[in-house]
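Now for the letters of each chain:
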Amino acid sequence: MAEANSLSPETMIAQMKANGVTDIVWLPDSETNFLYLLMSSDPDLRLIGVTREGHACSIAAGLYAGGRKPMILIQNTGMLESGDSIRGWLMGLDVPVVMLVGYRGYTRHGVITDTVAHYTERFLMAFDIPFYLVENDSDADRISTAFALAEKTKKPVVVLIGDEFHGFNR
Amino acid sequence: MMHTADLIEAFARHRGDAIVISGRGGRHWIQHSDTALDIPLGDPAMGGHAGFALGLALAQPGKRVVLFDSEGDILMSMGQLPTIAEQAPANFYHFVLDNEVYATTGGQPVPGSKIVDYAGIARSSGYPRAMNFYEIDAFTHALPGILDAPGPVFVSCKVYPEVENTPIGQRVRWRKKSASEVVRGLRGALGVG
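Residues numbered from 1 in each chain as written. Chains lettered and ligands numbered in written order. Predicted model: local features only at pLDDT ≥ 70, side-chain atom pairs only at ≥ 80, totals over all residues. Heavy atoms only, no water.

1. Quick look at the overall build of chain A
Thinking step 1. A count of helical and extended segments in chain A gives 7 helices and 6 strands.
Thinking step 2. The order of helices and strands in chain A, counted from the N terminus, is α-β-α-β-α-β-α-α-β-α-β-α-β.
Thinking step 3. Taking 15 Å as the expected radius of gyration for a compact globule of 170 residues, we find that chain A reaches 15 Å, a close match to that expectation.
Thinking step 4. By principal-axis analysis of the C-alpha atoms, chain A measures approximately 40 × 35 × 30 Å.
Thinking step 5. A burial count over chain A gives 56% of its 170 residues as buried.
Thinking step 6. Sequence separation of 24 or more characterises 75% of the internal contacts of chain A that already satisfy a separation of 6 or more.
Thinking step 7. Summing over all exposed atoms, chain A offers an accessible surface of approximately 7000 Å²; the carbon and sulfur share of this is 53%.
Thinking step 8. Where the 14 positive side-chain charges of chain A centre and where its 21 negative ones centre are 6 Å apart. (Helix = DSSP H or I, 4+ residues; strand = E, 2+ residues; numbered from the N terminus. Rg over C-alpha atoms; globule rule 2.2 N^0.38 Å. Buried < 20%, exposed > 50% of the residue type's maximum accessible area, 1.4 Å probe, protein only. Contact = heavy atoms within 4.5 Å. Areas by Shrake-Rupley, 256 points an atom, 1.4 Å probe, with all protein chains shown as cover. Lys, Arg positive; Asp, Glu negative; His and termini not counted. Charge placed at Lys NZ, Arg CZ, Asp CG, Glu CD.)

In structure tokens:
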């Protein structure tokens, strides 16, 4: 069982379903393995694995151009690597996509020792990308809020998964 | 080597109703066709055209998707090839214009310009069909067979470089629409937007 106050994979899948996601373009990290098992067993979700996070941006743009509803699932480290692809392929082509970003190094008490966490929100603010923080199941409706904002603005919106309890690894 | 204009002209005779992402052949392709199924995106971010084409091919399995990529893009995002091979869209036709240089920045050679076997890399990444062409006659002869068989197929073509030395801000803009306008037009034509 997931620990109390954690974000459960079932909640994530429910949010994907509720928002009509058809394809997950992703590169896994250590905290998403259980989510992978659920996603890969779902016949209505197509998983497209990439080898570099920036590739997810152009693939998602192509899926959107062809009428699908993709979601991107990566870690914050890869998001930093993907800056120009986010700019060119998602923002430049007006792609309304939600990027679910694992917030590696995040801690609720605010003492950060992992430099990628130090730069994550600063990166998003520099790129003017709206973002929401989701820490546990009670925050999950923020994911639907992110989908609504992406659709309204025709731009990418980020959901940071600040799951310091490692709910995906139960 | 081939002239890109000749290669594009040869393809135009066999285009059918394919979606064409004109990529590095864009300024030649627009001389042949400029409809909502012609997708000149410019250069949103180098290395991503193959990913865009993959996504589009997966989203529209009933339509052939043709991409004119470049060897510089392949080198920058070589890791996309296994993803394409794994997804294996049968409607994806991946052409590469290999001019051996970064033409838009003045013609500096790409790393390994004389030694890389791009079709070999594609084949090793899992593309079921991959081939190199060096002369227009051989390319023109093989093209109908390439397009009649299922993809994904990788076709690397040695082309003469068309080097641009004019500063980017002073270049003549051949594209008539922004990339986002092109995507909106495509979605409208496909009935998904």
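2. So, helix 7 (residues 136-148) of chain B
Residues and elements named next belong to chain B.
Thinking step 1. Helix length check: helix 7 (13 residues) gives 19 Å between terminal C-alpha atoms against 18 Å at 1.5 Å per residue, within 8%.
Thinking step 2. Taking the largest bend as the criterion, helix 7 deviates by roughly 40°, centred on Ala 142, and proline Pro 144 comes between one and four positions later.
Thinking step 3. Next to the buried residues of helix 7 lie helix 1 (4-12), strand 3 (92-98), strand 6 (129-133) and strand 7 (153-158). (Expected span 1.5 Å × (residues − 1). Bend = angle between axes of the 7 residues up to and from the residue.)

3. Considerations on the sheet that holds strand 3 of chain B
All names here are of chain B.
Thinking step 1. Within the open sheet, the 5 strands sit side by side as 1-2-3-7-6. Their pairing is parallel. The two strands at the open ends of the sheet, each matched to only one other strand, are strand 1 (19-21) and strand 6. Neighbour-to-neighbour, the strand axes of the sheet open up by a mean angle of 15°, direction not taken into account.
Thinking step 2. In the packing of helix 1 onto the sheet, the strands contacted are strand 1, strand 2 (65-70), strand 3 and strand 7, and the crossing angle to strand 2 comes to about 170°.
Thinking step 3. In the packing of helix 6 (residues 118-125) onto the sheet, the strands contacted are strand 3, strand 6 and strand 7, and the crossing angle to strand 6 comes to about 175°. (Pairing = 2+ DSSP bridges. Axes fitted to C-alpha atoms, helices over the stretch in contact; angles between N-to-C directions.)

4. Some words on unusual backbone geometry
Thinking step 1. Residue Gly 151 of chain B is joined to Pro 152 of chain B through a cis peptide bond whose omega torsion reads -5°.
Thinking step 2. By secondary structure assignment, the location of Pro 152 of chain B is in the loop between helix 7 and strand 7.
Thinking step 3. Residue Lys 154 of chain A is not a glycine yet carries a positive backbone phi of 55°.
Thinking step 4. Mapped onto the fold, Lys 154 of chain A is located in the loop between helix 7 (141-153) and strand 6 (157-161).
Thinking step 5. Lys 154 of chain A gets classed as partly exposed once you look at its relative accessible area, which sits at 31%.

5. Brief notes about the side chain of Glu 53 of chain A
Thinking step 1. By the secondary structure assignment, Glu 53 of chain A is in helix 3 (residues 53-65).
Thinking step 2. This buried residue, Glu 53 of chain A, is left without a salt bridge; Arg 52 of chain A holds the nearest opposite charge, at 4.8 Å. (Salt bridge = Lys/Arg side-chain N within 4 Å of Asp/Glu carboxyl O.)

6. Some remarks on the environment of Ile 72 of chain A
Residue and element names in this part refer to chain A.
Thinking step 1. Within the element layout of this structure, Ile 72 appears in strand 3 (residues 70-75).
Thinking step 2. On the basis of relative accessible area, Ile 72 is assigned to the buried category, the value being 0%.
Thinking step 3. Between the C-alpha atoms of Ile 72 and Ile 48, which are 24 residues apart in sequence, the distance is 9.6 Å.

7. A closer look at the pattern of salt bridges
All names here are of chain A.
Thinking step 1. For the coordinates displayed, the defined rule picks out 22 salt bridges over all chains.
Thinking step 2. As a salt-bridge pair, Glu 81 and Arg 52 come within 2.9 Å of each other at their nearest N and O atoms. In this pair, Glu 81 is assigned in helix 4 (residues 76-81) and Arg 52 in the loop between strand 2 (46-49) and helix 3, connecting sequence segments 29 residues apart.
Thinking step 3. Taking relative accessible area as the criterion, Glu 81 reaches 47% and is therefore assigned partly exposed.

8. Overview of helix 8 (residues 179-190) of chain B
Quick reminder: α-helices carry 3.6 residues per turn. Residues three or four places apart thus point the same way.
All names here are of chain B.
Thinking step 1. With 12 residues, helix 8 should reach 16 Å at 1.5 Å per residue; the first-to-last C-alpha distance of 17 Å fits that figure.
Thinking step 2. Among the residues of helix 8, Ala 179, Ser 180, Val 182, Val 183, Leu 186, Arg 187 and Leu 190 are the ones counted as buried. For helix 8, the buried positions fall inside an angular range of 155° around the axis, keeping them on one side.
Thinking step 3. Downstream of helix 8 by a residue or two, Gly 191 has a phi angle that is positive, lying close to 75°. (Arc of directions from axis to C-beta.)

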